[in-house]
Every structure is written in C-alpha cells, then in structure tokens.
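Residues per chain are reported as follows:
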Amino acid sequence: AQRVTQPEKLLSVFKGAPVELKCNYSYSGSPELFWYVQYSRQRLQLLLRHISRESIKGFTADLNKGETSFHLKKPFAQEEDSAMYYCALSLGGFQKLVFGTGTRLLVSP
Amino acid sequence: SAVISQKPSRDICQRGTSLTIQCQVDSQVTMMFWYRQQPGQSLTLIATANQGSEATYESGFVIDKFPISRPNLTFSTLTVSNMSPEDSSIYLCSGRRSDYGYTFGSGTRLTVV
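Residues numbered from 1 in each chain as written. Chains lettered and ligands numbered in written order. Predicted model: local features only at pLDDT ≥ 70, side-chain atom pairs only at ≥ 80, totals over all residues. Heavy atoms only, no water.

**A look at the environment of Pro-109 of chain A**
Residue and element names in this part refer to chain A.
Thought 1: The residue Pro-109 is located in the segment after β11 (103-108) in this model.
Thought 2: Remark: the alpha-carbon pair of Pro-109 and Thr-68, spanning 41 residues in sequence, is separated by 33 Å.
Thought 3: The contact partners of Pro-109, leaving out residues within four places of it in the chain, are Phe-14, Lys-15 and Glu-79. (Helix = DSSP H or I, 4+ residues; strand = E, 2+ residues; numbered from the N terminus. Contact = heavy atoms within 4.5 Å.)

**Regarding the packing of aromatic side chains**
Thought 1: This model, assessed by the stated rule, comprises 12 aromatic pairs over all chains.
Thought 2: When the ring of Phe-34 of chain A is compared with that of Tyr-36 of chain A, the centres are 6.1 Å apart and the planes differ by 40°; the resulting orientation is tilted.
Thought 3: Residues Tyr-86 of chain A and Phe-99 of chain A carry aromatic rings whose centres are separated by 6.1 Å and whose planes lie at 90° to one another, so their mutual orientation is edge-to-face. Taken as a pair, Tyr-86 of chain A in strand β9 (residues 83-90) and Phe-99 of chain A in strand β10 (residues 97-99) lie far apart in primary sequence, 13 residues in all. In this pair, the class of Tyr-86 of chain A matches that of Phe-99 of chain A, namely buried.
Thought 4: Three or more aromatic residues link up through ring pairs in this structure, and these residues are Phe-34, Tyr-36, Tyr-86 and Phe-99 of chain A together with Phe-33, Tyr-35, Tyr-102 and Phe-104 of chain B. (Phe/Tyr/Trp six-rings, centres within 6.5 Å; stacked < 30°, edge-to-face > 60°. Buried < 20%, exposed > 50% of the residue type's maximum accessible area, 1.4 Å probe, protein only.)

**Considerations on the layout of surface pockets**
Thought 1: Its volume calculated, the largest pocket comes out at about 1100 Å³.
Thought 2: Lining the largest pocket are 46 residues; nearest its centre among them are Gln-38 and Tyr-86 of chain A together with Gln-37, Gln-38 and Gln-41 of chain B.
Thought 3: Of all elements in the fold, only β9, β10 and β11 of chain A together with β4 (31-37), β5 (43-50), β9 (89-96) and β11 (108-112) of chain B reach the threshold of two or more residues within the lining of the largest pocket.
Thought 4: Per-element accounting of the lining of the largest pocket gives the leading share, 4 residues, to β11 of chain B. (1 Å grid on protein atoms, 1.4 Å probe; cavity = no way out; pocket = protein on both sides within 12 Å on 5 of 7 lines; lining within 4 Å. Points joined across faces, edges and corners; volume = space filled by probe spheres on them.)

**Here we look at the side chain of Ser-94 of chain B**
All names here are of chain B.
Thought 1: Structurally, Ser-94 can be placed in strand β9.
Thought 2: With relative accessibility at 0%, the residue Ser-94 sits in the buried group.
Thought 3: Of note is the side chain of Ser-94, whose polar atom sits 3.1 Å from the backbone oxygen of Thr-103.
Thought 4: Those residues in contact with Ser-94 that sit more than four places away from it in its chain are Ile-4, Met-31, Met-32, Phe-33, Tyr-35, Tyr-102, Thr-103 and Phe-104. (Polar contact = N/O pair within 3.5 Å; in protein donor to acceptor, adjacent residues only side chain to side chain.)

**Description of the pattern of salt bridges**
Thought 1: Enumeration according to the criterion identifies 6 salt bridges over all chains in this entry.
Thought 2: Lys-73 of chain A serves as the salt-bridge partner of Glu-20 of chain A, at 3.7 Å between the closest nitrogen and oxygen. Placement of Glu-20 of chain A in strand β3 (residues 19-21) and of Lys-73 of chain A in strand β8 (residues 72-74) is noted, with a sequence separation of 53 residues between them.
Thought 3: What makes Lys-73 of chain A partly exposed here is its relative accessible area of 42%.
Thought 4: Across the pair Arg-96 of chain B and Glu-32 of chain A runs a salt bridge whose closest N-O atoms are separated by 2.9 Å. Of the two residues, Arg-96 of chain B sits in strand β9 while Glu-32 of chain A sits in strand β5 (residues 32-38), which places them in two different chains.
Thought 5: The exposure class of Arg-96 of chain B is buried, given its relative accessible area of 4%.
Thought 6: Because the salt bridges share partners, they merge into one network encompassing Glu-20, Lys-22 and Lys-73 of chain A. (Salt bridge = Lys/Arg side-chain N within 4 Å of Asp/Glu carboxyl O.)

**With respect to the interface of chain B and chain A**
Thought 1: Each partner contributes residues to the interface: chain B has 21 residues there, and chain A has 19 residues.
Thought 2: For the pairing of chain B and chain A, the buried interface totals around 1700 Å² over both sides, and the portion due to carbon and sulfur atoms is 56%.
Thought 3: Summed over the three residues of chain B that lose the most area to chain A, namely Arg-96, Tyr-102 and Phe-104 of chain B, the buried surface amounts to 34% of that side.
Thought 4: Linking chain B with chain A are 2 salt bridges.
Thought 5: Across the salt bridge formed by Lys-96 of chain A and Glu-58 of chain B, the nearest N and O atoms sit 2.7 Å from each other.
Thought 6: Taken together, chain B and chain A are joined by 10 residue pairs in polar contact (both at pLDDT 80 or more).
Thought 7: Of all elements in the fold, only β4, β5 and β10 (102-104) of chain B reach the threshold of two or more residues within the side of chain B that touches chain A.
Thought 8: Sort the elements by how many residues they give to the side of chain B that touches chain A and β4 of chain B lands first, with 4 residues.
Thought 9: Split into classes, the residues belonging to the side of chain B that touches chain A amount to 9 nonpolar, 8 polar and 4 charged. (Buried area = accessible area lost by both parts, 1.4 Å probe. Nonpolar A, V, L, I, M, F, W, Y, C, P; charged D, E, K, R; others polar.)

All we've got here are geometric facts, nothing functional implied.
Here's what the structure looks like:
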C-alpha cells in the first residue's frame, strides 16, 4: 500500500532561518506528490505539486525518485509560514490522496 | 481551481442521531472524496464518490454508517448515521478536476454528546 511519512511532528525555527520539511513515500510507480498547508482556522490549501515545479511563497520541493522523497524547502522562513504542512501522494488521475501525518512549522521572531 | 462550500461548519449532536453534511462545488469535478480528521491527527479517507455509481469505501468504513450521495458533478453529501461520541471529528470533502490539484471544503466539526 502507498504510504507517506513525515518524520517531524513539530519543526521550530527562527525567522530568517532555512526550513526543510521532510517527506518520504513508498510506492514503486510514478506517483503525484503534493504539499498542502493549513493555516490556523483556515481550510487546507494546495501549496505545491511536483508536476508544476513552481515556487509558491518562496517554497520549493523537488521529487527525488531515487530516495523516494519530496522535501519542502524555504531559504528564509517568515512568521506567516507558521502552519500545519501535509505531504500527500496520489497515484494519478482521479485516485485518492494519501496524506502524511503532518508537520507543524512554528516560526518565531 | 474549484471552490467547495461545505455545510454545516460545525454541529453538536445527540448520540443515536444522524447528520448530513453537504458539499457544493462551483464547477464540475470528476471525483469527490470524503475524509475524516480526528483531533491532532492526519486526514483519513472515508470514501470516494463518483457520479452515478455507489461510493467506494475504505477499509474500516461502511455504507450503512456513512452513506454518500453524488447526484451530479457539483454536489455530494455524507451522512454520519447512528452517531456515537467516537464519531466526533472534523469531516472534509474534496474534489478534483482533471487539470489541477485537489480542492478541499472548509470542514465540518462534529461533536457527539
């Protein structure tokens, strides 16, 4: 079965520090990988998907098929980045999303 | 991307009763999904809803407990039946069009007393 692992429940950094939220997956094929963010009292929002290879709010994520990873990175964290981040995997098309357990990012001033 | 309106946003219900949650999408989506998010935990898929066919349930979830309707490409409902306190959770719907990621409703926070 497909599985998404986010090893850190909480990541606490200071403003301006680099951030890396780890995500590993288990699937032998070619999945679609996503990062979703949930700010306090807001709905889940799509942050990134690996297909588009874009940078949103300064965040980037590269799919590494050899290491089966899709880590989320930002060179300089901002306080407004504090939120819950979920890595998710889909087998493509209209298949379900499988979520990791989430990492809470806390950026302190 | 599609915008999903979900209601109610929260409810407090007596055990043994049922609650129906509605999701309305502002554009047609091919597939809709229903998730449960228990306090402090990640999202767990309940079922996948396709128009015109019976929903597909994940292991541990059954149609009698969580009946789902999907009458058209912009609407779906999830009913939580014969509720117990263990059903207290946040329930979310999600949809996907062919050209984008998955969009989520704002969630329904259910408390069963």
